[in-house]
Structure formats: C-alpha cells, structure tokens
Amino acid sequence: MRDVLVIGGNRYFGKRLIDRLITAGDRVTVLNRGSASPPAGAIHLVADRDDEAALNSALGDRTFDAVVDQVCYTPRQAAIARRVFAGGRTRRYVMTSTIEVYEYEDSLVYEDAVVPVREDAVDPRTVPVDLELPWHRAEFRDTHYGEGKRQAEAVFAADGTEFPYTSVRVAHVLGGDDDFTGRLDHYATRIRAGAPIAVPTENRPSTYIHVEEIADFMFWAVGQDFTGPVNAASHGLLTTEELCAAVAVYIPDGRTVFQNVDVGEISPFSFARSYGMDNSRATELGFTFGHVQEWLLRAVAETLGPDADSDWGKGT
C-alpha cells in the first residue's frame, strides 16, 4: 500500500485520479481549504497551501510515497511546497502543469504541417523566477496562468530540491459531464443559434486529452520514477473547425458560422498560435495514449448531456 497525498483535486480529473488511487489500494490523503469534501475513502486534511505554518501543522509528522500537487499555480506556492516536503516527507512529487507553459514557444509551422513542441522547448532550469510579482492576487494569477506554471516548475527544478520531481504538462482536457469550464457549451450555444463564432484569422490547432485519459496518466505517473517535465496529450491535433464539427453532430438543426477577427476576444479553443505538444517522451516511458479522433464525439456527448440533440451513437 502506498501513501499518496493529493493537494486539491476535488473536481474533474483530480477526483478521478483519487478514485483510481483508492481502487488500487493506496491510502490517499486529500489536502484542501475545506471548501469541498474528498471522495469517499480518502483522509481529509484542511489547510491553506499558501500558509506555510498551517500546511506544516496539518501534515504533522506524516510522510508520503508520492505527492500529487493539482493546484500549484505560482512560484511562491512551489517554494513553500519545496520547503514543506523537504527532509524526507515525500519520495516523489508530481506537479500538474499545463500546455500553457508553451505560450511563448510557437510550435514550428511549415506550410500546412505543424511540428508539436517537445519538453525541451521550455527548460524549467533556465526559466527566471520572480517571487515579488503579485502572485497573491487572483486576477494576476488568472492573467499570468502559463507564466505562473513556468515559474513554479522552475522552483522545483532548481538545484537543491530534496525530492524527485516531475511536472505533467497537460493538454486541453475534454469530456465528462462535470466539465466546469463551459468551453464546449460556448460552441453549442452559438451553433444552436447560428451566432458568429469568433476565431483568429490564422487559426491554429492544438493537442487535447480526454478527462479519463489524463486521470489514467496521472495515476501512472505516480508509480513511475522519471523526473523533469513530460507532455501528456492524446495523439493527433484538433482545429476549432474540427471541434465545432463534432459539436454540430449533436445539433442537427444548428448552423456553424465562423467570424475571423484580428483583434478582440476570441472563442475558447481557438488559437492564433499552434499549441501542439509532442508526447513521445511519455510514450517511450511506457504510457499508451489514444487518438483524439477515437474519443472526440464521446467527449462532446458527455459534456453536452441533455443538450446533445442528435441520435448519434444511440444503441451502441
């Protein structure tokens, strides 16, 4: 039996990860601020992870085989975690990072071919860290999400960290009836009404992963011993047009209308730069990804739920 601590993780793929760990026989402790209870079978600790003293007090003398940090958004949070979990408190640290760390590194584009980025496109050992930025302000964190994750990775990757560490750079996640983001609903609402969908004039593709697949990946990563960043994405790229076509399958009376814009707000999952990630490192380490086209229609149906008007897939 492994002792695994999950920081945050009470919704979406985090709760699926906890379920997998418990089913596997692991003793799972969930630490959060107390706003939501963890899945049944988990031990619950309450603390604000931004309060180092409170975090130390809540953990007491507990030690863990692995820590999965689902809610590390800033270098300050990473610095606190690095101090708190030093001294043998964990044998492995898995930080949930994001595809957005590549926001400054365009995937290489050669005519119509997109070359996904590998992990070394952002080496956290070379990313500068600024702990004095207003990371405590929610608005600042939200508008600097990718940069916050880059700098958090850099804190863990710096010399002197006392535990093995990996950062899982998660592709855009789709699927599940508990998708709280509203991004697919954005498209469904507009397609149903025939309203314009704002996209960049040069609209680039991205990589995605199903909510169950990323839960599988995180569970797998807990039991591995590799370190450093790793990309987690299904095989294949999706454009906004392909994503909308999948949504439109369930809205047969709808109409998809794209509006190209050069400035101003654009729709979610539409990008002026390519967000393609190369998943070969994880594949070589032994994880088997599916292909985005294998699960896309199912993911859309799961999220739209009763709003999925089409008869597609009934009886299958």
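Sequence order as written defines residue numbering, which begins from 1 separately in each chain. At least 70 in pLDDT is required for a residue's local features to be given in this predicted model, at least 80 for side-chain atom pairs to be given and counted, and no such filter applies to totals for whole chains, interfaces and linings, which use all residues. With hydrogens and water stripped out, all remaining heavy atoms of the structure feed into the side-chain values.

## Digging into the layout of surface pockets
Each pocket or cavity is described by its volume, and for the largest pocket that value is around 1500 Å³. Grid points spaced at 1 Å over the protein atoms alone were grouped into cavities, where a 1.4 Å probe fits but cannot get out, and pockets, open sets with protein on both sides within 12 Å along at least five of seven lines, with lining residues defined by an atom within 4 Å of a point. If you go around the largest pocket, you meet 45 residues; those closest to its centre are R11, Q70, Y73, Y145 and F180. Elements that contribute at least two residues to the lining of the largest pocket include exactly α1 (13-23), β2 (27-32), β5 (93-98), α4 (138-143), α5 (145-157) and β9 (172-174). Only DSSP runs of H or I reaching four residues or more are called helices, and only runs of E reaching two or more are called strands; each is numbered from the N terminus. Per-element tally for the lining of the largest pocket: the top contributor is α4, with four residues. Residue type decides the class: Asp, Glu, Lys and Arg count as charged, Ala, Val, Leu, Ile, Met, Phe, Trp, Tyr, Cys and Pro as nonpolar, and the leftover types, Gly among them, as polar. Of the residues contributing to the lining of the largest pocket, the split by class is 18 nonpolar, 16 polar and 11 charged. Grid points are joined across faces, edges and corners, and a volume is the space filled by probe spheres set on the points.

## Points about helix α2 (residues 52-59)
Along an α-helix, residues three or four apart share an orientation, since each turn contains 3.6 residues. The cut-offs for exposure are 20% and 50% of the maximum accessible area for each residue type, with area from a 1.4 Å probe on protein chains only; residues under the lower value are buried, those over the upper are exposed, and the others partly exposed. Every buried residue of α2 is accounted for by L55, A58 and L59. Across the axial projection of α2, the buried residues extend over an arc of 95 degrees, all falling on one side. Residues of α2 that are exposed and point more than 90 degrees away from the buried face comprise A53 and S57. For α2, the secondary structure elements touched by its buried residues are β1 (3-7), β2, β3 (43-46) and α3 (75-84). The positive-phi residue at the C-terminal boundary of α2 is G60, with phi of around 60 degrees. An arc is given here, and it is the one of the directions from the helix axis to the C-beta atoms. Here, two residues are considered to be in contact whenever any of their heavy atoms come within 4.5 Å of each other.

## What to know about the packing of aromatic side chains
Each pair of aromatic rings taken from Phe, Tyr and Trp, with Trp reduced to its six-membered ring, is defined by centres within 6.5 Å and is described as stacked if the planes are under 30 degrees apart, edge-to-face if over 60, and tilted in the remaining cases. If you walk through the whole model with that rule in mind, you get 17 aromatic pairs. Taken together, a centroid distance of 5.2 Å and an interplanar angle of 75 degrees make the contact between W135 and F140 edge-to-face. Of the residues examined, F140 reaches a relative accessible area of 12% and is grouped as buried. Chaining the aromatic ring pairs together yields one cluster made of F85, Y93, F156, F163 and Y165. Only when the NZ of Lys or the CZ of Arg is both within 6 Å of the ring centre and within 35 degrees of the ring normal is a charge said to sit over the ring. The lysine or arginine in question, R273, covers the ring of Y275, its NZ or CZ lying 4.0 Å from the ring centre.

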